[in-house]
Amino acid sequence: MPRKPISSLFYRYLLSYVVLLLIPILVIGLLVYRQFVGILQEEVTISHRHVLEQASAAMTAEFNEMNDIAIKLSARSELSPQRLNQSMFRALDAMETLRDMNASPFVRQFVYYAKGSDYFYSADTTYPVELFAEPFRQYGNWSSEDFMVHLRSLNKPTFVSAEPLESNELASGRVLTYLVPIPYNSPSPYGVLLFLVEEASVNKLLEGALKEQNGNSVIVNQDGQIITALRHEAYLESPKFQANIRKIASGGMTVATLDNDDSYVISTVKLQHTNWTYATLLPEEVFLHKTKHIQTLFVVSVLIVLCIGCALIYLLMRLNYNPVHQLLSFISKQWGEAVRNVQEAKEKIGHMAEDRQLLKQKLDSNKEAARNYLLLKLLRGQVADVRACNAEGGEIGIAFSKSLFFVALVDGLPASSDSRGLEKMYREHFECYQIDTMDEGKGIVICAIAPEETPALQERLLRLHQELMERCSGKVTIGVGGLYEEIHQIGKSYIEAATALDYKLIKGHNTLITYGGIQAENQSASWYPKEEMELLAQSMRQGDSAKVESILLKLQLYMEERPLPLHIARCICYDIFGCMIKTQDRLRLSQSAHIRYPDAFALAKFDTIHDLASLVRDICLQIKESTEAAPGGGSAEAWIAYIQEHYHDHAFSVERMAEHFSLSRSSLFASFKKLTGQTIMDYLDYYRLERAKRLLSNSDLRLKEIVEQIGYYDVSSFIRKFKQQADITPGEFRKLSLGRDDTASP
């Protein structure tokens, strides 16, 4: 029997399993390898760091000793410039003082220089400045002039990197110089202490940090300068080395390729108080020598495991591929065409799922359209009985099991509400179905109840209305039609519900309005607020906004509490609107007042009497402001002219003046003071007293006659006010006036 050919699917699966085997082997192997190398590197790093820390600790101890010597010498008066300049014998005292300071062998020699002095002082002898700098102490990279300038300007401890130094007293050709101002840490030092340390002494500390050959140890200051090095190689001056030293954290390690193209493993330790970095450099080949054997073992182990794994995968694939092959053969037979791989089988099944989903969407769409069509037929009264309705709506989810029907209209629904959200809420109380409508914010629901549920209908509607208001957080109004036993009368109930909803003009928002309730109220309605309308017109002419507010509130309460037909309520709204127009015309306000009135169509669309009352209040305020600003009734000139014309009237009052100008007393009082800077009565008194002065000066009338002519009742009150204004009595004023006239006569 011939063997069945193995398809490409088999080899793809085989390759995928081999990759799956290879990935964990490589990942685990690399992790183990890196872990081992990391441990090895960590051991070397820790070892180098410990040695560097020991070297840095020794260096720190030596520096502390040198600083202690500087502190002690700062307290000795023998080294002050004043004393040293007294005589050369004082130099002996300075030398004796320096001999008392026992420096460690680490310091080859220390010398003292007093600023302004001509000598350097050591424990053994003195040197003239010109002889100390050259030739006894001649720095290779530091001229004698620069050396002396630096000493005279030094004001803080300074460490000079290792430099070649020619001196007969030093065994090594390179020294490190530590300069400390005296007194120590003084802002105005008078001397400098020079510590000379041979580089060989420092290298002895660094040798222990590097046991391997071809390695190096260096000390770098905070500016990147090499303080000293075990081997002064050229790569130490390269920018690459400087950059790597700066970026390595204290106690860290990195691998860097320097200018000699050799890779080095660099370990560092940084001292916080000096900002010096101690570093060791070890060739990468030496560092990784111990890992080469591990690398070989790792590669061999991976290859062996991979070969064994591939062989096992091949055998298992041969056993497990048969069910997949049988499945593909079955799908090919069912579809009538060859299916060569799982992808083709997936596409065939996907096409079948898409066809099924498309068919479901078509069914759902047709069902929704059929559902809405049947509900609209119910509203039009085109369904004869319940059995016909249930037979037609059984497949689309419409069936009535209760015998009494009514329609509810809801206004004030949020625009983003669920299309069936209203039906879901009603279903908690009634058997109902919602009809899709094009009116935004409105909903129509056909409801059915059993006869025994009729007594509790009003209570359930009120509870439902409360739930709607809490959920919608808006002005939700419900209009409910009458209850009918015949299903073809649902259309009549809909008309009644729409009529009830229109009564929100009277009832206001957030109310439940039933057609039966408004029908009972309208049977005894005959009230019309004639007196209130007349009082409203008078208050608007006077600009008394508080009175207008009170009348509007009274009208609103009457319309809400009395059983008014809808057409009477709308007539009252039109009359209020006409009252505003008549007020403007009677007060002769020009069109420049910019008072905005609604047209008749907009007025007919007011939802509630609350909205109309709010508009009337706003327009009343505009009329008041326009009246106060109008030239015929609100200018200061007109008011002053009125006072000058009626000042002699004993019955003059602000109320009569306000009534004359069709203003409220408070409005006239405030506006007059705002425009003239004084009250009406203050100006009246002022004008009356001015008229009295004229009469006193130009007539022989008695004081009582003058008082009566200017509108005062009491002579004593007039005399008191006159003296308050003129600081003299009326009689004295007349005498002074007559005296001036006599003097002016020839």
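Residues numbered from 1 in each chain as written. Predicted model: local features only at pLDDT ≥ 70, side-chain atom pairs only at ≥ 80, totals over all residues. Heavy atoms only, no water.

1. So, unusual backbone geometry
In this structure, the amide linkage connecting Ile182 to the following residue, Pro183, adopts the cis form with an omega of 0°. Among the secondary structure elements, Pro183 is positioned in the loop between strand E6 (174-182) and strand E7 (191-198). Residue Asn185 is not a glycine yet carries a positive backbone phi of 60°. With respect to the helices, strands and loops of the structure, Asn185 is situated in the loop between E6 and E7. (Helix = DSSP H or I, 4+ residues; strand = E, 2+ residues; numbered from the N terminus.)

2. What about the packing of helix H25 (residues 680-698) against helix H27 (residues 715-726)?
The contact between H25 and H27 brings their axes to 11 Å, and the two run at 95°. As judged from the angle between their axes, H25 and H27 are roughly perpendicular. Two secondary-structure elements touch here, H25 through Asp685, Tyr686, Leu689, Glu690, Ala692, Lys693 and Leu696 and H27 through Phe718, Lys721, Phe722 and Gln725. Here the residues of the contact of H25 with H27 sort into six nonpolar, one polar and four charged. (Axes fitted to C-alpha atoms, helices over the stretch in contact; angles between N-to-C directions. Parallel < 35°, antiparallel > 145°, perpendicular 65-115°, else oblique. Contact = heavy atoms within 4.5 Å. Nonpolar A, V, L, I, M, F, W, Y, C, P; charged D, E, K, R; others polar.)

3. Overview of the pairing of strand E12 (residues 277-283)
The buried count for E12 comes to seven of seven residues, which makes it a mostly enclosed element. Neither face of E12 is left uncovered, since the one carrying Thr277, Ala279, Leu281 and Pro283 and the one carrying Tyr278, Thr280 and Leu282 both have all their residues buried. As paired elements, strand E11 (residues 263-270) and E12 share seven bridges and run antiparallel to each other. For Val269, the partnering residue across the bridge sits in E12 and is Tyr278. (Buried < 20%, exposed > 50% of the residue type's maximum accessible area, 1.4 Å probe, protein only. Pairing = 2+ DSSP bridges.)

4. Observations concerning the pattern of salt bridges
Enumeration over the complete set of coordinates arrives at 15 salt bridges. One salt bridge in this structure joins Arg76 and Glu78, with 3.5 Å as the shortest N-O distance. The class for Arg76 is partly exposed, based on a relative accessible area of 26%. Measuring nitrogen to oxygen at the nearest pair gives 3.2 Å for the salt bridge that ties Lys402 to Glu453. (Salt bridge = Lys/Arg side-chain N within 4 Å of Asp/Glu carboxyl O.)

5. Quick notes on the nonpolar core
If you look at the biggest cluster of nonpolar residues, it comprises 39 residues, and the most contacted ones within it are Tyr112, Leu193 and Phe195. The leading source of residues in this core is helix H1 (residues 8-74), at eight residues. If near-sequence neighbours (up to four positions away) are discounted, Phe195 is found in contact with Met66, Ile69, Val107, Gln109, Phe110, Leu176, Thr177, Tyr178 and Val180. Residues Ile643, Phe672, Leu689 and Phe733 belong to the second largest nonpolar core, which totals 27 residues. (Core = buried A, V, L, I, M, F, W, Y, C linked by side-chain atoms within 4.5 Å.)

6. With respect to the sheet that holds strand E14 (residues 431-435)
Spatial ordering of the open sheet is given by E14-E15-E13-E16-E17, a layout of five strands whose pairing is mixed. Two strands lie at the open edges of the sheet, namely E14 and strand E17 (512-514), each paired on one side alone. Averaged over all pairs of adjacent strands, the angle between their axes in this sheet comes to 20°, without regard to strand direction. Across eight bridges, strand E13 (residues 404-411) lies against strand E15 (residues 442-449) in antiparallel orientation. Counterpart to Phe405 in the pairing with E15 is Ala448. Helix H13 (residues 457-472) contacts E13, E15, strand E16 (477-480) and E17 of the sheet and is inclined by roughly 145° relative to E17. Its contacts with the sheet put helix H14 (residues 490-502) on E13, E15, E16 and E17, and the angle it makes with E13 is roughly 35°.

7. As for the packing of aromatic side chains
Centre-to-centre distance and the angle between the planes together describe a pair of aromatic rings. Under the criterion given, the structure shown has 19 aromatic pairs. Taking the centre distance of 5.5 Å and the plane angle of 85° together, the rings of Phe406 and Phe430 count as edge-to-face. Taken together, the positions of Phe406 in strand E13 and Phe430 in the loop between helix H12 (421-427) and E14 put the pair 24 residues apart, joining distant regions of the chain. Its relative accessible area of 1% is what places Phe406 among the buried residues. Ring centres of Trp639 and Phe661 lie 6.5 Å apart, and the angle between their planes is 85°; on these two criteria the pair is classed as edge-to-face. Of this pair, Trp639 sits in helix H22 (residues 636-646) while Phe661 sits in the loop between helix H23 (654-660) and helix H24 (665-676), and the two are 22 residues apart along the sequence. Neither residue differs from the other here; Trp639 and Phe661 are each classed as buried. Taken together through their ring pairs, the aromatic side chains of Trp639, Tyr642, Tyr647, Phe652, Phe661, Phe672, Tyr683, Tyr686 and Tyr687 make up a single cluster. (Phe/Tyr/Trp six-rings, centres within 6.5 Å; stacked < 30°, edge-to-face > 60°.)

8. Let's talk about a nonpolar patch on the surface
Together, Leu15, Val19, Ile23, Val27 and Leu31 line one region of the surface with nonpolar side chains, adding up to about 450 Å² of accessible area. If you trace the backbone, Val27 turns up in helix H1. We classify Val27 as partly exposed; its relative accessible area is 43%. (Patch = residues over 30% accessible without salt bridge, like charges linked within 9 Å, V, L, I, M, F, W, Y side chains within 5 Å. Areas by Shrake-Rupley, 256 points an atom, 1.4 Å probe, with all protein chains shown as cover.)

9. Here we look at H13
Owing to its 3.6 residues per turn, the α-helix aligns residues three or four sequence positions apart on the same side. In this model, H13 (16 residues) spans 22 Å end to end at C-alpha, consistent with the 22 Å of a helix rising 1.5 Å per residue. Looking at the packing, one finds that the buried side of H13 touches E13, H12, E15, E16 and E17. Directly beyond the C-terminal end of H13, a positive phi value near 55° is found at Ser473. (Expected span 1.5 Å × (residues − 1).)

10. Let's talk about the side chain of Glu423
As for its position among the elements, Glu423 is in helix H12. Excluding residues within four positions of it along the chain, Glu423 makes contact with Arg371, Cys432, Tyr433 and Gln434.

11. So, the packing of H22 against H24
Between H22 and H24, whose axes approach to 10 Å, the crossing angle comes to 105°. It follows that H22 is roughly perpendicular to H24 by the angle criterion. Across from Ala636, Trp639, Ile640 and Ile643 in H22, the residues of H24 making contact are Leu668, Ser671, Phe672, Leu675 and Thr676.

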